[in-house]
Amino acid sequence: MTIQLPSTDGRLRTYEPRTEPLRVSPGTPFTSRTVFSAAHVVADPFADVSPDAPAAVDWEATLAFRRHLWSHGLGVAEAMDTAQRGMGLDWAGAAELIRRSAAEARSVGGRIACGVGTDQIEAGSPAEIRAAYEEQLAVAEESGAQPILMASRALAAAATGPEDYLEVYGHLLRQSAGPVILHWLGPMFDPALEGYWGSTDLDAATEVFLQVIAAHPDKVDGIKVSLLDARREIGLRRRLPRGVRCYTGDDFHYPELIAGDDQGFSHALLGIFDPLGPLAAEAVRILDTGDATGFRELLDPTVELSRHLFQTPTRFYKTGVVFLAWLAGHQSHFTMVGGLQSARSLPHLARAYELADGLGLFPDPKPAEERMKTLLSLYGVNQ
């Protein structure tokens, strides 16, 4: 059996889908690395909402996907940018997501960390930004989830220099109940975060970031770095205080960063581990045995798919993530909150299908092929 897939040159090409998936069984948490998957939300396809209306979420399907990740030993990073935070999911929806997912994590013994930001306000003074952060921090802590202090668009707009970041983050770390994860999200994921930490010079910004951590090392479990720059991440993690972890958020270089070198390694908090969940979990279990070569042999081939999903404009990678969840049978439809299922082209989605199928990511390749053909027919591609 073959399928006709559109290429970027407007032509159709013949692809022969695989017939067997990669067989990966659920398993226990890992011993050598802490690994989070930043999970997507499943929209309610029957909700009568417009793209700019509050998100309508299919809660049962959303929580079922988190149980899928937990069953493979992965932690869930909740209400992050993969969940369309600030791109369809507002703070009210994120707060409900945090509460529901944290309760589900307790019921199954899953690990969860939740995004804390300032997206209930569009702009404000430093005092208003602190208050917004505090409101969200309280929700995460009251839910029993580890907080992830996300980058703030409002702070990026209001800050006049590094001292504003030092003041806001220092205030939050002093009052946090336990260690948090600090998140440095680059402008390739969110253009509104250009110049975060007080400078567009990444070397200068890094010094401010490290200053925040050095002032409160007991309140920082780790940092999540999403700059898509492996060299910079390695240099940064080597300068962290003892006991502070580096969680890679680099969806281009994650195998080498997680494998590490003779001076250390990165843990992981990755959006690409949403579609790669079972395969990534299997790779980390191989790494747990000390077999770094086997880990790389299994995970390295996934980088082409990840680079494809995260190609510019990078912030629209969520469309490919949800598309693959639909093909894999984790949800019954390909719709997204905010209507973002339209954010990637048909050739882009076709290539994502081809790469994912080649990796054996679909539990049953045949239904995935049929769903791909259904999408193609809606675009006028007859098989």
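Provided above is the structure to which this section pertains.
Since the model is a prediction, treat every value here as computed from it, not as a measurement. (Residues numbered from 1 in each chain as written. Predicted model: local features only at pLDDT ≥ 70, side-chain atom pairs only at ≥ 80, totals over all residues. Heavy atoms only, no water.)

Asker: Provide a residue-level description of the overall build of the protein chain, including the pertinent values.
Answerer: Within the protein chain, the regular secondary structure consists of 14 helices and 10 strands. Its C-alpha atoms give the protein chain a radius of gyration of 20 Å, within 12% of the compact-globule value 21 Å for 383 residues. Taken along the three principal axes of its C-alpha coordinates, the protein chain extends 60 × 50 × 45 Å. Residue burial in the protein chain is summarised as follows: out of 383 residues, 57% are buried. Put simply, 70% of the contacts in the protein chain that link residues at least 6 apart link residues at least 24 apart. (Helix = DSSP H or I, 4+ residues; strand = E, 2+ residues; numbered from the N terminus. Rg over C-alpha atoms; globule rule 2.2 N^0.38 Å. Buried < 20%, exposed > 50% of the residue type's maximum accessible area, 1.4 Å probe, protein only. Contact = heavy atoms within 4.5 Å.)

Asker: Give a detailed account of the pairing of strand 4 (residues 75-78), specifying residues and quantitative values.
Answerer: Of the two faces of strand 4, both are covered, the one formed by Gly75 and Ala77 as well as the one formed by Val76 and Glu78. Between strand 3 (residues 35-38) and its parallel partner strand 4, the chain crosses via helix 1 (residues 59-71), and the hand of that crossover is right-handed. Once the chain exits strand 4 it traverses helix 2 (residues 91-108) before rejoining the sheet at strand 5 (residues 112-116), and the crossover so formed is right-handed. (Right-handed = clockwise from strand over helix to strand, strands pointing away.)

Asker: Talk me through the pattern of salt bridges; I want residue IDs and the actual numbers.
Answerer: Throughout the structure, instances matching the rule amount to 20 salt bridges. Residue Asp203 is joined to Arg232 by a salt bridge in which the shortest nitrogen-to-oxygen separation is 3.0 Å. Here Asp203 is found in helix 6 (residues 202-215), whereas its partner Arg232 is found in helix 7 (residues 230-237), with 29 residues between them in sequence. The class of Arg232 is buried, set by a relative accessible area of 14%. A salt bridge links Glu369 to Lys366, with the shortest nitrogen-to-oxygen separation between them at 3.5 Å. Remark: Lys366 and Glu369 occur in helix 14 (residues 365-378); sequence separation between them is 3 residues, near one turn of the helix. (Salt bridge = Lys/Arg side-chain N within 4 Å of Asp/Glu carboxyl O.)

Asker: If you had to explain helix 10 (residues 292-299) to someone new, which residues and values would you point to?
Answerer: Residues Gly294, Phe295 and Leu299 constitute the buried set of helix 10. Here the buried residues of helix 10 occupy an arc of 120 degrees about the axis, which is enough to place them on one side. Exposed positions of helix 10 whose direction lies more than 90 degrees from the buried face are Thr293 and Glu297. Taken together, the buried residues of helix 10 touch helix 8 (254-259), helix 9 (277-288) and helix 11 (303-309). Two or three places before Thr293, at the opening of helix 10, Asp291 has a side-chain oxygen 3.4 Å from that residue's backbone nitrogen. (Arc of directions from axis to C-beta. Polar contact = N/O pair within 3.5 Å; in protein donor to acceptor, adjacent residues only side chain to side chain.)

Asker: Summarise the packing of aromatic side chains; cite the residues concerned and give the values.
Answerer: Enumeration according to the criterion identifies 18 aromatic pairs in this entry. The interplanar angle of 40 degrees and the centroid separation of 4.9 Å between the aromatic rings of Trp197 and Phe209 together place this pair among those described as tilted. With Trp197 in the loop between strand 7 (180-185) and helix 6 and Phe209 in helix 6, this pair connects stretches of sequence that are 12 residues apart. What makes Phe209 buried here is its relative accessible area of 0%. A connected cluster of aromatic rings, assembled from ring pairs, spans Tyr133, Tyr165, Tyr169, Trp184, Tyr196, Trp197 and Phe209. Lying across the ring of Phe265, Arg33 places its NZ or CZ 3.5 Å from the centre. (Phe/Tyr/Trp six-rings, centres within 6.5 Å; stacked < 30°, edge-to-face > 60°. Lys NZ or Arg CZ within 6 Å of the ring centre and 35° of its normal.)

Asker: Got a sec to walk through the sheet that holds strand 8 (residues 220-226)? Specific residues and values, please.
Answerer: What the 8 strands build is a closed barrel, ordered 3-4-5-6-7-8-9-10; its pairing is parallel. If you compare each strand with its neighbour and ignore which way they point, the axes differ by 25 degrees on average. As defined by bridge partners, strand 3 adjoins strand 10 (residues 267-270) across 3 bridges and the pair is classed as parallel. Bridge pairing in strand 10 places Val35 opposite Ala268. (Pairing = 2+ DSSP bridges. Axes fitted to C-alpha atoms, helices over the stretch in contact; angles between N-to-C directions.)

Asker: If you had to explain the environment of Leu279 to someone new, which residues and values would you point to?
Answerer: Residue position: Leu279 is located in helix 9. If we skip the residues at most four places from it in the chain, Leu279 touches Leu22, Leu298, Leu299, Thr302, Leu359 and Leu361.

Asker: Explain helix 13 (residues 346-359) to me, using residue names and the numbers behind them.
Answerer: Compared with the 20 Å implied by 1.5 Å per residue over 14 residues, the 20 Å span of helix 13 between its first and last C-alpha is a close match. With 11 of 14 residues buried, helix 13 is to be regarded as a mostly interior element. Along helix 13, the residues that are buried comprise Leu346, His348, Leu349, Ala350, Ala352, Tyr353, Glu354, Leu355, Ala356, Asp357 and Leu359. N-capping of helix 13 is provided by Ser345, with a side-chain oxygen placed 3.2 Å from the backbone N of His348. Remark: Gly360 follows helix 13 within two positions and exhibits a positive phi of approximately 80 degrees. (Expected span 1.5 Å × (residues − 1).)

Asker: Break down the side chain of Thr82 for me, citing the residues and quoting the values.
Answerer: Assignment of secondary structure puts Thr82 in the loop between strand 4 and helix 2. A distance of 2.7 Å separates a polar atom in the side chain of Thr82 from a polar atom in the side chain of Tyr317.

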